[in-house]
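Summary of structural features
Residue-level listing of the chains:
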Amino acid sequence: MPGFIDSHIHGANGYDAMDDDPKAISEMAKHLVKEGTTSFLATTMTESVEAIEKALIHAKNTDTAVQTAELLGVHLEGPFVNVVKKGAQPEQHIIKPDLDLFKRWQTLSGNKIKTVTMAPEEDTDGAFVKALRETGVNVSMGHTDVSFEEAKQATKYGVNQVTHLCNQMNGIHHRDVGLVGASFLLPHLQLELISDGIHVSPEMLQLIYNNVGSDRLMLITDAMRAKGMEDGTYTLGGQTVHVKNNKATLDDGTLAGSVLPMIDAAKRMLDLDGTTLEDIIQMASVNPARQLGVFDRKGSIEVGKDADLLIIDQDLHLHKTITKGVVAYEGDF
């Protein structure tokens, strides 16, 4: 099957995309092939302007090796989010949408910013969203308290994605179905989903699949640096994170990303009623490739495309990961 594309991942194997370390993203890329991920977006988070700019410069200068996952660009998560739904985004660094600042960041990144997570209610006239979409950047609603009507208006401005569906947004209420309801009802939104059974319960995963299907879901990990490491204490955005039994939390119990391998995300979705291996390919490969504008070379197995391939059995045990025709991992995950 085609390799997985993780369009929202902060870290792995002890490294984080926000580290002031020029080798951090490359080290992440080495680890990701072990879980079937053959390309990814290095994801930043809400921190100081200086810290974000250092991360973007490192991303610009990173050239991932052939036998590792390919860096497709950057997912800028924050700092243009709603403090009410900040989750693990540090409140002191949250700011209003700033187009001039974003343009500076895009230049610093070498035009590698492909997706921006922001709260659309903070962009009251839609000018920020429109400007980003005009340049081909995906704008994803996340860490937001947006109502259904506000979400509907945001899509008219150009918002085309939802960040980690159900997490750090309002839930469905019978008088305002909010962003979760909008995700079900607005067919042009692509929806990120963390299918670890922790961020979203197995029952909700089933409900989402039943209502949305595989054509609009994109499996992500939202993983932090502890992925691939032992339980213990780590950091995310300068905050202490405790990892125990595959659950990463801040001191106050707030979820702080995941330690989810993509192959496990796929297996959990395959366990749902009605899903098939074709659905997994759609959610983990085809949809993110299309959303990121790389379906001409990734996301499916066709002559002329990158040979990013996984050798699996019918139960989705991963036996081999191939990146651009070269074996990058052999094992039994």
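Quick note: structure is the one above.
Now for a quick tour of the structure. (Residues numbered from 1 in each chain as written. Predicted model: local features only at pLDDT ≥ 70, side-chain atom pairs only at ≥ 80, totals over all residues. Heavy atoms only, no water.)

It is worth spelling out a negative patch on the surface at this point. Negative charge collects at one region of the surface, where D145, E149, E150 and D176 lie side by side. With respect to the helices and strands, E149 occurs in helix 5 (residues 148–157). Accessibility expressed as a relative area gives 53% for E149, which makes it exposed. (Patch = residues over 30% accessible without salt bridge, like charges linked within 9 Å, V, L, I, M, F, W, Y side chains within 5 Å. Areas by Shrake-Rupley, 256 points an atom, 1.4 Å probe, with all protein chains shown as cover. Salt bridge = Lys/Arg side-chain N within 4 Å of Asp/Glu carboxyl O. Lys, Arg positive; Asp, Glu negative; His and termini not counted. Charge placed at Lys NZ, Arg CZ, Asp CG, Glu CD. Helix = DSSP H or I, 4+ residues; strand = E, 2+ residues; numbered from the N terminus. Buried < 20%, exposed > 50% of the residue type's maximum accessible area, 1.4 Å probe, protein only.)

With that settled, consider the nonpolar core. Counting residues in hydrophobic clusters, the biggest one holds 84 residues, and the most contacted among them are F4, F40, M141, M224, M269 and I280. Setting aside residues up to four positions removed in sequence, M269 forms contacts with L193, S195, L205, L217, L219, T275, I280 and M283. Membership of the second largest hydrophobic core comes to six residues, among which are L41, L72, A289 and L292. (Core = buried A, V, L, I, M, F, W, Y, C linked by side-chain atoms within 4.5 Å. Contact = heavy atoms within 4.5 Å.)

Here the focus is the side chain of H58. Position of H58 relative to the elements: it lies in helix 2 (residues 49–60). Given a relative accessible area of 14%, H58 falls into the buried group. Residues contacting H58, with those up to four places away along its chain left out, are D19, D20, D21 and P22.

A word on the sheet that holds strand 14 (residues 309–312). Strand pairs in the sheet, formed through backbone hydrogen bonds, run parallel or antiparallel to each other. Across the sheet, three strands lie side by side as 14-15-16; this open sheet has antiparallel pairing. Here the strands that pair on one side only, and so sit at the sheet edges, are strand 14 and strand 16 (326–330). Strand-to-strand twist in this sheet, taken as the mean axis angle between neighbours without regard to direction, amounts to 20 degrees. (Pairing = 2+ DSSP bridges. Axes fitted to C-alpha atoms, helices over the stretch in contact; angles between N-to-C directions.)

This part is about the environment of R297. Within the secondary structure, R297 sits in the loop between helix 9 (277–291) and strand 14. Its relative accessible area of 27% is what places R297 among the partly exposed residues. Sequence separation between R297 and A307 is ten residues; the distance between their C-alpha atoms is 8.8 Å. Excluding its chain neighbours within four sequence positions, the residues that come into contact with R297 are E70, L72, K305 and D306.

This part covers the environment of D313. Residue placement: D313 occurs in the loop between strand 14 and strand 15 (318–323). With relative accessibility at 26%, the residue D313 sits in the partly exposed group. It is 24 Å that separates the C-alpha atoms of D313 and S7, two residues lying 306 residues apart in sequence. A polar contact of 2.9 Å, which involves the side chain of D313, links it to the backbone nitrogen of D315. (Polar contact = N/O pair within 3.5 Å; in protein donor to acceptor, adjacent residues only side chain to side chain.)

Turning our attention to unusual backbone geometry. For the bond running from G78 to P79, omega is 5 degrees, close enough to zero to count as cis. Structurally, P79 is set in the loop between strand 5 (70–77) and helix 3 (99–108). In the Ramachandran plot, N245 falls in the positive-phi region, its phi being about 55 degrees despite a non-glycine side chain. Looking at where N245 falls in the secondary structure, it is placed in the loop between strand 12 (239–244) and strand 13 (247–249). Judged by its relative accessible area of 58%, N245 is exposed. One non-glycine residue, K324, lies in positive phi territory at about 50 degrees. Mapped onto the fold, K324 is located in the loop between strand 15 and strand 16.

Attention now goes to the pattern of salt bridges. According to the stated counting rule, one finds 16 salt bridges in the structure shown. The partner of K305 in a salt bridge is E302, with the nearest N and O atoms 3.4 Å apart. Residue classification places E302 among the partly exposed residues on the basis of a relative accessible area of 46%. Between K320 and E330 there is a salt bridge, with the nearest N and O atoms lying 3.8 Å from each other. Residue K320 is located in strand 15, and its partner E330 is located in strand 16; the two are separated by ten residues in the primary sequence. Given the relative accessible area of 59%, E330 is considered exposed. Counted as one network, the salt bridges with shared partners bring together E70, R297, K298, D306, D308 and K324.

Remember that the coordinates give geometry; whether it matters functionally is a separate question.
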